[in-house]
Amino acid sequence: MHYCKKKRNMKQTKAKSSERELSPEKAAAILEGAMQEFLTNGYAATTMDKVAAAAGVSKATVYNHFQDKEGLFNALIHQLVQKKFQAILGSPHPETQVLQGDPHIVLRQLATNVLSTGMGDPQFINFMRLIIGESGRFPELARTFVRNIEASAFQFLCQYFTACSEELKLLDPEATARIFIGSLVHYMIVQEMLHGGDILPMERERLINNLIYLITGKPSA
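Conventions and cut-offs
Residues numbered from 1 in each chain as written. Predicted model: local features only at pLDDT ≥ 70, side-chain atom pairs only at ≥ 80, totals over all residues. Heavy atoms only, no water. Salt bridge = Lys/Arg side-chain N within 4 Å of Asp/Glu carboxyl O. Helix = DSSP H or I, 4+ residues; strand = E, 2+ residues; numbered from the N terminus. Buried < 20%, exposed > 50% of the residue type's maximum accessible area, 1.4 Å probe, protein only. Axes fitted to C-alpha atoms, helices over the stretch in contact; angles between N-to-C directions. Left-handed = near helix turned anticlockwise from the far one by under 90°. Contact = heavy atoms within 4.5 Å. Nonpolar A, V, L, I, M, F, W, Y, C, P; charged D, E, K, R; others polar.

**Student:** Help me understand the pattern of salt bridges in this model?
**Tutor:** Two side chains bearing opposite charge may form a pair once their charged atoms approach each other closely. Scanning the model with the defined rule gives seven salt bridges in all. Across the pair Lys 218 and Asp 102 runs a salt bridge, and its minimum N-O distance is 2.7 Å. In this pair, Lys 218 is assigned in the segment after helix H11 (204-216) and Asp 102 in the loop between helix H5 (69-89) and helix H6 (103-119), connecting sequence segments 116 residues apart. Residue classification places Lys 218 among the partly exposed positions, given a relative accessible area of 38%. Owing to a relative accessible area of 29%, Asp 102 belongs among the partly exposed residues under this scheme. Here Arg 137 and Glu 134 are joined by a salt bridge, their closest N and O atoms 2.7 Å apart. Residue classification places Arg 137 among the exposed positions, given a relative accessible area of 57%.

This is how it looks when you write it as structure tokens:
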């Protein structure tokens, strides 16, 4: 009897564990529901109840896998940054593709991909607005976003400019990486997030051409 009871308890535990496993489809639904609610209501007004309803799952399911609202928001940031990073580089292993070739060509492609990927996605622009808007009240959310950027795009650029520092005659590869990405981010913020394209108009290609020239010393063909 004791053996049978123990076996039955093991089956029940296994069943509960299986119930806690989150399918990729359900995880995607929760993150999409979270994105929808955060963009509509802001961080403070969004609740786990609203996210669960938007995702079509139980509140318990959301809590089991994301613990709390901050954990859910952090998961959303991580997913978004990783997707954008891969879209910009075109491969999970960019060193085998994007980084090969003349730095003038490589940097032009990277700059073009950054602006096309960021400015071509209204949801991403709105999410950036949300993070900046909520950063005063919830600074840790903004720090999480910066940490993810630091661990992916910025660190990647630092490594690339360090490797090319002699060829490009760079005094400070890290500062150059900040100048490169900072110019592109500023352009996106002014043109898209602040609706300043009609006040400070500049064609995308003009910005990219001059940015690449400043770093490589090579004019556009």
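**Student:** Teacher, can you tell me more about the packing of H6 against H11 here?
**Tutor:** The geometry of a pair of packed helices is captured by two quantities: the angle between their axes and the separation between those axes. Relative orientation of the contacting elements H6 and H11 amounts to 145°, with a least axis distance of 10 Å. When the axes of H6 and H11 are compared, the crossing they make is right-handed. Here His 104, Leu 107, Arg 108, Ala 111, Thr 112, Leu 115, Ser 116 and Met 119 of H6 come into contact with H11, specifically with Arg 204, Glu 205, Leu 207, Ile 208, Asn 209, Ile 212, Ile 215 and Thr 216. Broken down by class, the residue content of the contact of H6 with H11 amounts to eight nonpolar, five polar and three charged.

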